[in-house]
Amino acid sequence: VEDEAIVALAEKQLLQREGYGVVHAPTGERAVDLVNERADVDLVLMDIDLGAGIDGTEAARMIQRVRDVPVVFLSSHTEREYTDRAEQITSYGYILKHSNPTVLLASIRMAFRLHLANTALRDSNRRLAAFLQISRSLTAAGELSELVQSLVDSATEVMRLDSGAVYLCDSDGTVRLTATCPPTPADFPAEFRCAPLRDHPRVRRAIETATVVILEDAQAAELTSAEREIVELRNLRSNLYVPIRLRDRTLGVLILSSTGGVHAFDDEEVSLLQGFADQAALMIQNALA
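First things first, this report covers the structure right here in the doc. Please read all numbers here as calculations on a predicted model, not as lab measurements.

When helices and strands are counted, the protein chain shows ten helices and nine strands. Residue burial in the protein chain is summarised as follows: out of 289 residues, 45% are buried. Contacts in the protein chain between residues far apart in sequence, at least 24 positions, make up 58% of those at least 6 positions apart. Of the accessible surface of the protein chain, which amounts to about 15,000 Å², a share of 51% is contributed by carbon and sulfur atoms.

Set out below in structure tokens:
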């Protein structure tokens, strides 16, 4: 975003030589419109003094109301007035015009890294807050069915996934479907409501080893006929099997799934889910007793 055409052309050519795609806006108003129009804007390099119309700090403020995109200020001004205005905006750098190109390029790379780190931190905080809500929901639940349904509903919502289920263990080597999200249709096969573990090796492994099992891509995996049928019935793609365990005993399995596309389960998500599955195990045991 630069009102001086010659300066804008020089910066654009420099960035394009480094492999960046660049679009130029001569005014703050046009910059706001471009960000609203285009989904491929990953960073805004913003001059502060843009002549007539809104200045760069106001344009940045308007952009950040609608898009989480890093803004790097590029200005010829070193006066306190300008730096103070820039500091009031969530920005990722303040570079003086006509600095060495190496400084500009390094600052842009740093801005991308900082924005990525901030996004990851926000996502982590969001998950922590949501998992605290799961904890409160579990504590408030009374009956076994209410407790297990609360666990699967909350976990599915927090993980932003499309499908979830809880199977509890029976004493005869079978697992019993106790809660699902979304609900199963009335004609859902009986053999999947009470299923022998031998037909579901990943569920069995999660129960017997008391460890989380991840099926990254059901379409590319070797499945038993029972696993394949339930994957097709529920249109499942990536599955996470979390044992619901109490000390040395596994009471069941929480299964979370994506539909349509592959989902990568990261270590933090898995660890938090296991913690709340363990919390649920104590409450499930009390409800069973």
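Anyway, onward from the coordinates.
The next subject is the environment of alanine 155. Checked against the element boundaries, alanine 155 lands in helix H6 (residues 144–158). Classification of alanine 155 as buried rests on a relative accessible area of 1%. In sequence terms alanine 155 and leucine 273 are 118 residues apart; their C-alpha atoms lie 7.5 Å from each other.

Topologically, threonine 250 is positioned in strand S9 (residues 249–259). At a separation of 3.2 Å, a polar atom in the side chain of threonine 250 contacts the main-chain carbonyl oxygen of isoleucine 207. Discounting residues that sit within four places of it in the chain, threonine 250 has contacts with Cys169, Ile207, Ala210, Pro243, Ile244 and Arg245.

What follows deals with the pairing of strand S4 (residues 163–169). Of all seven residues in S4, six are buried, a share of seventy percent or more. Here six bridges tie S4 to S9, and the two strands are oriented antiparallel to one another. If you follow valine 166 over to S9, its bridge partner there is leucine 254. Where S4 meets strand S5 (residues 174–181), six bridges bridge the pair, whose relative direction is antiparallel. The partner of tyrosine 167 across the bridge, within S5, is leucine 177. Hairpin connection, S4 to S5: the antiparallel pair is bridged by four residues, and glycine 173 has positive phi, about 80°.

Throughout the structure, instances matching the rule amount to two aromatic pairs. Judged by centre distance (6.5 Å) and plane angle (20°), the rings of tyrosine 20 and phenylalanine 112 are stacked. Of this pair, tyrosine 20 sits in the loop between helix H1 (5–17) and helix H2 (28–37) while phenylalanine 112 is found in helix H5 (residues 101–140), placing the two residues 92 residues apart along the sequence. Measuring from centroid to centroid gives 6.2 Å for phenylalanine 188 and phenylalanine 192, while their planes differ by 50°, and the two rings are tilted. Note on accessibility: phenylalanine 188 and phenylalanine 192 belong to one class, buried.

Attention now goes to the sheet that holds strand S2 (residues 71–75). Taken in spatial order, the three strands of this open sheet run S1-S2-S3, and their pairing is parallel. Where the open sheet ends on each side, the last strands, each with one partner, are strand S1 (44–46) and strand S3 (94–96). Here the average twist between neighbouring strands, direction ignored, is 25°. Where S2 and S3 come together, three bridges link them in parallel fashion. If you follow leucine 74 over to S3, its bridge partner there is isoleucine 95.

Moving on, we come to helix H8 (residues 201–209). Buried residues of H8: Arg202, Val203, Ala206 and Ile207, and no others. Around the axis of H8, the buried residues are gathered within 135° of arc, so they sit on the same side. Taken together, the buried residues of H8 touch S4, S5, strand S7 (213–215), helix H9 (225–234), strand S8 (236–246) and S9. Positive phi shows up at alanine 210, right after H8, with a value of about 55°.

The next point concerns unusual backbone geometry. Proline 182 follows cysteine 181 through a cis peptide bond whose omega is -5°. As for its position among the elements, proline 182 is in the loop between S5 and helix H7 (190–193). One non-glycine residue, alanine 210, adopts positive backbone phi at about 55°. Among the structural elements, alanine 210 can be located in the loop between H8 and S7. Residue class for alanine 210 comes out partly exposed when judged on its relative accessible area of 23%.

Here is what the cut-offs are and how they apply
- Each chain has its residues counted from 1, following the order in which its sequence is written.
- In keeping with the model being predicted, local features are shown solely for residues with a pLDDT of at least 70 and side-chain atom pairs are shown and tallied solely at 80 or more, while totals for entire chains, interfaces and linings include all residues.
- Note that the side-chain values use all heavy atoms of the structure and ignore hydrogens as well as water.
- Note on conventions: DSSP H or I runs of at least 4 residues are helices, E runs of at least 2 residues are strands, and numbering of each starts at the N terminus.
- With a 1.4 Å probe rolled over the protein chains alone, any residue whose accessible area is under 20% of its type maximum counts as buried; one over 50% counts as exposed, and the rest are partly exposed.
- By definition, residues are in contact when any of their heavy atoms lie within 4.5 Å.
- Computed with a 1.4 Å probe, the accessible areas rest on the Shrake-Rupley method; for each residue, only the protein chains presented here act as cover.
- Polar contacts, as used here, are pairs of N or O atoms within 3.5 Å; protein pairs need one atom able to donate a hydrogen and one able to accept it. Residues neighboring in sequence count only if both atoms are side-chain atoms.
- Two strands pair under a simple rule: DSSP has to find at least two bridges between them.
- Note on aromatic contacts: the rings of Phe and Tyr and the six-membered ring of Trp form a pair at centre separations within 6.5 Å, being stacked when their planes are under 30 degrees apart, edge-to-face when over 60 apart, and tilted otherwise.
- Angular values range over 0 to 180 degrees, each being the angle between N-to-C directions of two axes fitted as lines to C-alpha atoms, with helices fitted over their stretch in contact.
- Within this analysis, the arc is defined by the directions that extend from the helix axis to the C-beta atoms.

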